[in-house]
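Secondary and tertiary structure notes
Spelled out, the chains give:
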Amino acid sequence: MAVSRTFSIIKPDATRRNLTGAVTKMLEEAGLRVVASKRLLLTEEQAGGFYEVHKERPFYGELVEFMTSGPVVVQVLEGEDAVKRNRDVMGATNPADADEGTIRKAFAESIEANTVHGSDSDENAATEIAFFFNDDEIVG
Ligand code: RTP
Ligand code: MG
């Protein structure tokens, strides 16, 4: 399996509880390497643009409000089959459905305040990485 990249966000519910290190440790233990990282307070425009695909969903407004409610840590992760590897360690969107050993099982507060975002395809990973990082900010 080839080494690839994915995009991750440590969400405001996690930064608020000082879990950036604990979440990152689980990502690293899953075989992912942080090759870019920065802490940001997203603007409404950034959060709204990032979640544009969910614009018609009933939770869009609340999601944008949540994602701008505190700092996030955006990261590029590298590893074998990175998108799937990350989705596996994240666990199900709703922590009530998340498996033992996953980040969301360990830390998520609710279906919305669910600690992490992870790209769901290689194509979306490339788009999402480019949304937040220049090439020279990523050191593999
Ligand atoms: P993500 O995009 O953040 O990695 O999460 P995901 O693929 O597991 O979930 P997705 O369906 O893409 O939804 C994006 C984010 O929206 C929030 N959400 N709220 N209130 C609700 O019913 C609801 N459903 C989803 C979550 O923060 C979810 O991660
Ligand atoms: Mg998603």
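Below is a short write-up of the structure. Note that the structure is a prediction, hence the values are computed from the model and not measured. (Residues numbered from 1 in each chain as written. Chains lettered and ligands numbered in written order. Predicted model: local features only at pLDDT ≥ 70, side-chain atom pairs only at ≥ 80, totals over all residues. Heavy atoms only, no water.)

**Quick notes on the overall build of the protein**
When helices and strands are counted, the protein shows 7 helices and 4 strands. Starting at the N terminus, the α and β elements of the protein follow one another as β-α-α-β-α-α-β-α-α-β-α. Its C-alpha atoms give the protein a radius of gyration of 14 Å, near enough to 14 Å, the size a compact globule of 140 residues would have. Each principal axis of the C-alpha atoms in the protein carries an extent, and together these give about 40 × 35 × 25 Å. Sorting the 140 residues of the protein into buried and exposed places 46% on the buried side. Taking the intrachain contacts of the protein between residues at least 6 apart in sequence as the baseline, contacts between residues at least 24 apart amount to 78%. Accessible area for the protein stands at about 7400 Å²; split by element, carbon and sulfur atoms hold 47% of it. (Helix = DSSP H or I, 4+ residues; strand = E, 2+ residues; numbered from the N terminus. Rg over C-alpha atoms; globule rule 2.2 N^0.38 Å. Buried < 20%, exposed > 50% of the residue type's maximum accessible area, 1.4 Å probe, protein only. Contact = heavy atoms within 4.5 Å. Areas by Shrake-Rupley, 256 points an atom, 1.4 Å probe, with all protein chains shown as cover.)

**Points about helix α5 (residues 82-90)**
What α5 keeps buried is the set Ala-82, Val-83, Asn-86, Val-89 and Met-90. Buried residues along α5 cover an arc of 140° about the axis, so they all sit on one side. Looking one or two residues past α5, Gly-91 carries a phi angle of roughly 85°, positive in sign. (Arc of directions from axis to C-beta.)

**A look at helix α7 (residues 122-132)**
Buried within α7 are the following residues: Ala-125, Glu-128, Ile-129 and Phe-132. On an axial view of α7, the arc spanned by its buried residues comes to 105°, and they lie on one face. Projecting away from the buried face of α7 at angles above 90 degrees are the exposed residues Glu-123, Thr-127 and Ala-130. Of the surrounding elements, those touching the buried residues of α7 are β1 (3-10), β2 (33-40), α3 (44-50), β3 (72-80), α5 and β4 (116-118).

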